[in-house]
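The primary structure of each chain is shown beneath.
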Amino acid sequence: MHQVNIHEAKTHLSKLLEEVARGEEVIISKAGKPIAKLVPLDKKTNKRKPGGMKGKIRIGKDFDAPLPKDILASFEGRK
């Protein structure tokens, strides 16, 4: 981890982001006082498992039925 001032951070942002991507942390300071820290994002992603919500969601039989005329009219800007 190392510290840089705001001017250096603005000038060398791409280089600093490359360092962060390699796992390093960078402190950005103003007048020698730390104000922000650049850290790498967690790369953990949960693998999607098909059927994970099976039995937990119920979809009504009329799910794709046409909307009532009064509701449909409100979507179309009619009254």
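Now for a description of the structure that goes with this document.

The rules we used
- Residues numbered from 1 in each chain as written.
- Predicted model: local features only at pLDDT ≥ 70, side-chain atom pairs only at ≥ 80, totals over all residues.
- Heavy atoms only, no water.
- Pairing = 2+ DSSP bridges.
- Helix = DSSP H or I, 4+ residues; strand = E, 2+ residues; numbered from the N terminus.
- Axes fitted to C-alpha atoms, helices over the stretch in contact; angles between N-to-C directions.
- Buried < 20%, exposed > 50% of the residue type's maximum accessible area, 1.4 Å probe, protein only.
- Contact = heavy atoms within 4.5 Å.

## Focus on the sheet that holds strand S2 (residues 26-30)
- Strand order in this open sheet of three strands is S1-S2-S3, and the pairing throughout is mixed. The open sheet has two edge strands, strand S1 (2-5) and strand S3 (33-38), and neither has a second partner. The sheet shows a mean angle of 35° between the axes of neighbouring strands, direction not considered.
- In the sheet, S1 pairs with S2 via four bridges, with the strands oriented parallel. Residue pairing across strands places glutamine 3 opposite isoleucine 27, the latter belonging to S2.

## Overview of unusual backbone geometry
- Positive phi outside glycine occurs at alanine 31, with the angle close to 55°.
- Its place among the elements puts alanine 31 in the loop between S2 and S3.
- Exposure remark for alanine 31: the relative accessible area of 83% places this residue in the exposed category.

## Here's the deal with the side chain of serine 29
- By secondary structure assignment, the location of serine 29 is in strand S2.
- If we ignore the near neighbours within four places in the chain, the residues touching serine 29 are Gln3, Val4, Asn5, Ile6, Pro34 and Ile35.

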